[in-house]
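# Residue-level structural notes
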Amino acid sequence: MAKHETPLLDQLETGQWPSFVTDIKREAESRAKNERNIEYQIPADVCEDLLGVLELSFKHGRTHWKHGGIVGVFGYGGGVIGRYCDQPEQFPGVAHFHTMRVSQPAGKFYTTKYLESICDLWERRGSGITNMHGSTGDIIFLGTTTPQLEEVFYELSHNLNQDLGGSGSNLRTPSDCVGQARCEFACFDTQALCHDLTNEYQDELHRPAFPYKFKFKFDGCPNCCVASIARSDLSFIGLWRDEIRIDQEAVKAYVGGEIPPNGGAHAGRDWGAFDIQKEVIGLCPTECMRYENGKLEINNKECNHCMHCINAMPRALRVGEDRGCAMLAGAKAPILDGAQMGTLIVPFIKVEPPYTEIKETVIEPIWDWWMEEGKNRERLGELMKRQGLQRLLEVTGFAPDARMVQEPRTNPYIFWKEDEVDGGWERDINEFRKHHQR
Amino acid sequence: MAFISSGYNPGKPMENRITDIGPRHFEEFYPPVIKNNKGKWLYHEILEPGVLVHVSETGDEVYTVRVGGCRLMSVSHIREICEIADKHCDGYLRFTTRNNIEFMVDSKDKVKPLVDDLMSRKQAGGCYKFPVGGTGAGITNIVHTQGWIHCHTPATDGSGTVKATLDVMFDDFRNMRLPAQVRISMACCLNMCGAVHCSDIAILGYHRKPPMLDHEYMDKMCEIPLAVAACPTAAIKPSKVKLADGSEVKSVEVRNERCMFCGNCYTMCPSMPLADDVGDGIVLMAGGKVSNRISAPKFSKVVVGFIPNEMPRWPTMTDTIKRIVEAYAAGARKYERVGDWAERIGWERFFEKCEIDFTHHLIDDFRDPAYFTWRQTTNFKF
Amino acid sequence: MEYEEAKQKILDGLTKKLKSKSKFYFNDLSKIMGVKPREAKKVVNKMVEEGLLEYWSSGSTSMYGMPGTGKQAAAEHED
């Protein structure tokens, strides 16, 4: 017999997609039975109270959580989000229900041994409910009491060699795509760069001194599977500068229908025979390809790296060999002044350990500028908007490049600097008056 | 329930403290076939929905079986995932950015037993525990935020709206019949801690009522200057209010017409709650993408200004999403994303095809960039 | 500036403003010390470690305050 009736939530136990309600009930049952004799450090019926309070929200159409900002682990300004239930008498098990963010490994590969150790810890010291993973990328521990925060952190750091992630005005836990670990498109080792920068900037990740949040994300190619271009203050997107590698025999095999196009992604419908003219040549945004006499030609100088032909014929076409990444800055969700995509600030940079150029000519000068000039709660992209792309280029020292704009300005209101104009701005009015009457 | 110390000494928090160690190193977690072939992959192919093969220049192959996961996951569920990975995958697995779980094996004969095992596992109510799919030109897992399970400013639920939507769209998770992939994302308030603003279809929780003011408690619970400063549109100012008993207290005044319903004041000040059963609901957005393929990445556009919260299954919302997907499936060309399709046929045609009413709420009036979203040509359709 | 001097400036500055608010952005602290953010951060980190300052987080934004001050502790039932 469940502790709370949950008639609305129970209706989410049918259908085909996995039911989170059934899953929480399963955890509630597991805690009630406690077959492993765990000494639960927070109430054993926490999951039942969680279902109870969620049912109440389904009934009321309103949340029953309050924010708490003081809770955290000593010396860290991020990694913990405080939560309190606004009906603690009815649901004492979730009266305190704080979240902890645990820094995920780059690429999100795991061994079962590691995951089980995480489960053991969180079952004993928390609700046993997680997010795999949160939006930014962390492993999320959902719900524990204030006294357990330090205990969880102590066990993570001492027994699991594992640190917390970021929140607040910090560097947020960086995240990356699967990259070269299992993708032929990746133009740099996303995991290596993600891990290196995460460790290099631990102080920035744990001890907030930025005007607002700051995100790094790493996409191995312009397909942008981790959406870095849309949601990271500094986005790293893999690119090649040389020629797309072509296997002409494989091209013929696509044309001849021996290999399904687009890696078989369209197999669920009969789209007719593969038509290389229509599906590849005709869709190339720069019209830099042709297929004649059984031979595919690409004018690589005109290619803009959109990935379409490579995606459509992955066995025939491969990214080039002179690889690195482009860097874009300033992306953010709409709050407050509207959404912003990342703006290209470095068209190409080599990605090689120890990544000195990336750190010393891009990341750190940008942070210094933003920390000094950024207003409270102003994202990098908003500072860029306020002070201009030119200002950012002065900071990084990268030369202005036509690649950095969609189009040149349509107004002529150039704020000329005095040293750009011959003779400067100091002029002699008396000399002028010799030739022009008052 | 006896308190068991981890070894932490509250009196001396810095004693033996370990900090700044970061995440575990990714190489500890690579399965051998990944470790041996990293950077050497030649090509991939989707063999059936949810099953991929990647072929290396060494001749090695890795077969990946992708299954949908609730991002909200119990440790019992994770232990079951581990049991499966131990049984079939030598104890390795990974998660994707979109909350899918990927089981990898190093030869083709191991695929079918793994898929059969995964699809045979069901929850008590009949739901699949580990549905295989989410690849290619279909609908993959919906990324989402906390909602009512854990957040203090949501305008709707996260897990509930996602479960309702994925039940309706389940066939397209298991199939690849669409013109291109359709990425659906969900954020439970406009702060979008899950950035959904570049999704083919975005489900967004939205409040429509300014905060209530608990005047009697305002100055006791909150620091008024902080509440004032929290407002991004400067709609809050300090004020003095006379209570029913005649006493005067310090409080705040909200210029309601300037409120954008973000809840930032409630975060700083618990005496300014804004959640409301009638006021809160769903905004639907469409046509965004993050890929640079063929066309540039683009933002999602608001296509439905408001849908009420209809617990537990949000039928008006899921019907509308279904209509958009079906209209897109019928009308778009191969490789064309929702946004590319809408731009090709024109947004006026999009609303017609999707049977969605166009209302004034959908015309941008927020700050300068709004002007450039209005039609400035005679190239439109009747 | 010596640590002790910077520390005292912050404690005095924050105490003076306590009547109206107890939480401050990082930038407010650098301004009180009159140094660049990178320098300010060293002082602030040390003060946190000594228990003279504590963090407050909205989840998206972080602020600093002196432990035990302000109304938030009571409102959050953590006093």
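As a starting point, this report considers the structure included with it. This one's a predicted model, so the numbers in the text were calculated from it and none came from an experiment. (Residues numbered from 1 in each chain as written. Chains lettered and ligands numbered in written order. Predicted model: local features only at pLDDT ≥ 70, side-chain atom pairs only at ≥ 80, totals over all residues. Heavy atoms only, no water.)

## Details of the overall build of chain B
Spelled out, the test is: Secondary structure counts use DSSP, requiring at least four H or I residues in a row for a helix and at least two E residues in a row for a strand, with both numbered from the N terminus. Throughout, exposure labels follow a simple rule: accessible area from a 1.4 Å probe, protein chains only, divided by the maximum for the residue type, with under 20% read as buried, over 50% as exposed, and the rest as partly exposed. We call two residues contacting when some pair of their heavy atoms lies within 4.5 Å. Only the protein chains shown count as cover for residues, and all accessible areas are computed by the Shrake-Rupley method using a 1.4 Å probe.
Counting secondary structure elements, chain B contains 11 helices and 12 strands. By principal-axis analysis of the C-alpha atoms, chain B measures approximately 80 × 75 × 40 Å. When the 382 residues of chain B are sorted by exposure, 60% land in the buried category. Counting contacts in chain B only where the partners sit at least 6 residues apart, residues at least 24 apart contribute 65% of the total. With the model as given, the accessible surface of chain B reaches about 14,900 Å², and the carbon-plus-sulfur share is 52%.

## Describing the overall build of chain C
If you tally the helices and strands in chain C, you get 4 helices and 2 strands. Mapped in sequence order, the helices and strands of chain C form the string α-α-α-β-β-α. Here chain C, with 79 residues, has 52% of them falling under the buried criterion. Partitioning the contacts of chain C with sequence separation of at least 6, the portion at a separation of at least 24 is 47%. A total accessible area of about 3,800 Å² is found for chain C, and carbon and sulfur atoms account for 52% of it.

## Structural notes on the interface of chain B and chain C
Spelled out, the test is: Throughout, the accessible surface (probe 1.4 Å) given up by two parts as they are put together, summed over both, is called the buried area. Salt bridges are defined by distance alone: a side-chain nitrogen of Lys or Arg within 4 Å of a carboxyl oxygen of Asp or Glu. In protein, a polar contact requires one atom able to donate a hydrogen and another able to accept it; more generally it is a pair of N or O atoms within 3.5 Å, and residues adjacent in sequence count only if both atoms are side-chain atoms. Amino acids outside the nonpolar list (Ala, Val, Leu, Ile, Met, Phe, Trp, Tyr, Cys, Pro) and the charged list (Asp, Glu, Lys, Arg) are all regarded as polar, and Gly is one of them.
Facing 11 residues of chain B, the contacting portion of chain C comprises 12 residues. Around 1,000 Å² of area is buried between chain B and chain C when both sides are counted, 60% of it from carbon and sulfur atoms. For chain B, the biggest contributors to the area lost against chain C are Glu 223, Leu 226 and Met 268 of chain B; these three give 47% of the whole. The closest approach of N and O atoms between Lys 23 of chain C and Glu 223 of chain B, which form a salt bridge, is 3.9 Å. Our count for the chain B to chain C interface comes out at 1 residue pair in polar contact (both at pLDDT 80 or more). Mapped onto the side of chain B that touches chain C, the elements with two or more residues apiece are helix H6 (215-221), helix H7 (224-230) and helix H8 (264-268) of chain B. Taken together, the residues that form the side of chain B that touches chain C break down as 7 nonpolar, 1 polar and 3 charged.

## Section: the environment of Glu 80 of chain B
Within the secondary structure, Glu 80 of chain B is located in helix H2 (residues 75-88). For the pair Glu 80 of chain B and Lys 129 of chain B, spaced 49 residues apart in sequence, the C-alpha separation works out to 9.8 Å. Ignoring anything within four residues of it in the chain, the contact list for Glu 80 of chain B reads Arg 26 of chain A together with Arg 121, Lys 129 and Phe 130 of chain B. Here the side chain of Glu 80 of chain B touches Arg 26 of chain A through a polar contact of 2.7 Å, side chain to side chain.

## Notes on the pairing of strand S8 (residues 216-219) of chain A
All names here are of chain A. Using the following cut-off: For two strands to pair, DSSP has to find at least two bridges joining them.
Covered by surrounding structure in S8 are Phe 216 and Phe 218 together with Lys 217 and Asp 219, the residues of both alternating faces. The sheet contact formed by strand S7 (residues 175-176) and S8 spans 2 bridges and is parallel. Paired with Ser 175 across the two strands is Lys 217, which belongs to S8. With 4 bridges joining them, S8 and strand S9 (residues 234-240) adopt parallel strand pairing. Paired with Phe 218 across the bridge in S9 is Phe 236.

## Overview of the state of the cysteines
Rules: By disulfide we mean two sulfur atoms from cysteines, separated by a distance within 2.5 Å.
For the coordinates displayed, the defined rule picks out 1 disulfide over all chains. The thiol sulfur of Cys 85 of chain A is not disulfide-bonded, and the nearest other cysteine sulfur, from Cys 151 of chain B, lies at 14 Å. Taking relative accessible area as the criterion, Cys 85 of chain A reaches 4% and is therefore assigned buried. Cysteine Cys 70 of chain B is unpaired, with the sulfur of Cys 127 of chain B as its nearest cysteine sulfur at 8.7 Å.

## With respect to helix H3 (residues 46-60) of chain A
The cut-off we apply is this: One fewer than the residue count of a helix, multiplied by 1.5 Å, yields its expected span.
For H3 of chain A, spanning 15 residues, the distance from its first C-alpha to its last is 21 Å, which sits close to the expected 21 Å at 1.5 Å a residue. Of all 15 residues making up H3 of chain A, 12 are buried, and the element is well covered by its neighbours. Of the residues making up H3 of chain A, those classed as buried are Val 46, Cys 47, Asp 49, Leu 50, Leu 51, Gly 52, Val 53, Leu 54, Glu 55, Leu 56, Ser 57 and Phe 58 of chain A. Structurally, H3 of chain A contributes buried residues whose contacts are with helix H1 (7-10), helix H2 (20-33), strand S1 (65-68), strand S2 (80-85) and strand S5 (129-132) of chain A together with helix H4 (159-168) of chain B. Phi for Gly 61 of chain A, located one or two positions after H3 of chain A, is positive at around 70°.

## Notes on the sheet that holds strand S12 (residues 301-308) of chain B
Residues and elements named next belong to chain B. Filter applied, for reference: Angles here are taken between N-to-C directions and fall from 0 to 180 degrees, while the axes themselves are lines fitted to C-alpha atoms, restricted in helices to the stretch in contact.
The strand order across the open sheet formed by 4 strands is S7-S8-S11-S12, and the pairing between neighbours is mixed. Edge positions in the sheet fall to strand S7 (184-187) and S12, since each of these pairs with one other strand and no more. The sheet shows a mean angle of 20° between the axes of neighbouring strands, taken without regard to direction.

## Focus: a nonpolar patch on the surface
Selection criterion: Like-charged residues are merged into a patch within 9 Å and nonpolar side chains (Val, Leu, Ile, Met, Phe, Trp, Tyr) within 5 Å, provided each residue has over 30% relative accessible area and no salt bridge.
Taken together, Phe 358, Ile 363, Tyr 371, Phe 372 and Trp 374 of chain B make up a surface patch of nonpolar side chains, about 590 Å² in accessible area. Mapped onto the elements of the fold, Phe 358 of chain B is located in the segment after helix H11 (347-353).

## A closer look at the environment of Phe 170 of chain B
Here Phe 170 of chain B is to be found in helix H5 (residues 170-173). Here Phe 170 of chain B falls in the buried class, since its relative accessible area comes to 3%. Between the C-alpha atoms of Phe 170 of chain B and Phe 366 of chain B, which are 196 residues apart in sequence, the distance is 36 Å. Excluding residues within four positions of it along the chain, Phe 170 of chain B makes contact with Gln 16 and Trp 17 of chain A together with Tyr 128 and Pro 131 of chain B.

## Side note on the packing of helix H1 (residues 3-17) of chain C against helix H3 (residues 37-49) of chain C
Axes are the key here: two packed helices are described by the angle between their axes and the distance separating the axes. Residues and elements named next belong to chain C. Heads up, the condition is: The cut-offs work like this: below 35 degrees is roughly parallel, past 145 is roughly antiparallel, 65 to 115 is roughly perpendicular, and the gaps in between are oblique.
At a closest axis distance of 10 Å, the pairing of H1 and H3 adopts a crossing angle of 75°. Here H1 is positioned roughly perpendicular relative to H3, judged by the angle of their axes. Residues Tyr 3, Ala 6, Lys 7, Ile 10 and Leu 11 of H1 pack against Val 43, Val 44, Lys 46 and Met 47 of H3. Taken together, the residues of the contact of H1 with H3 sort by class into 7 nonpolar, no polar and 2 charged.

## A look at the pattern of salt bridges
Residues and elements named next belong to chain B. In the structure shown here, the tally under the stated rule is 64 salt bridges over all chains. Of the charged contacts in the structure, one is a salt bridge between Arg 121 and Glu 80, with a shortest N-O distance of 3.1 Å. Pair noted here: Arg 121 is in the loop between helix H3 (111-120) and H4 and Glu 80 is in helix H2, with a separation of 41 residues, a long-range link. By the burial criterion, Arg 121 is buried, and Glu 80 matches it. Where Asp 276 meets Lys 209, a salt bridge forms, and the shortest distance between an N and an O atom there is 3.2 Å. Remark: Lys 209 occurs in the loop between strand S8 (201-206) and H6 and Asp 276 occurs in the loop between H8 and strand S11 (281-286); sequence separation between them is 67 residues. The exposure class of Asp 276 is buried, given its relative accessible area of 16%.

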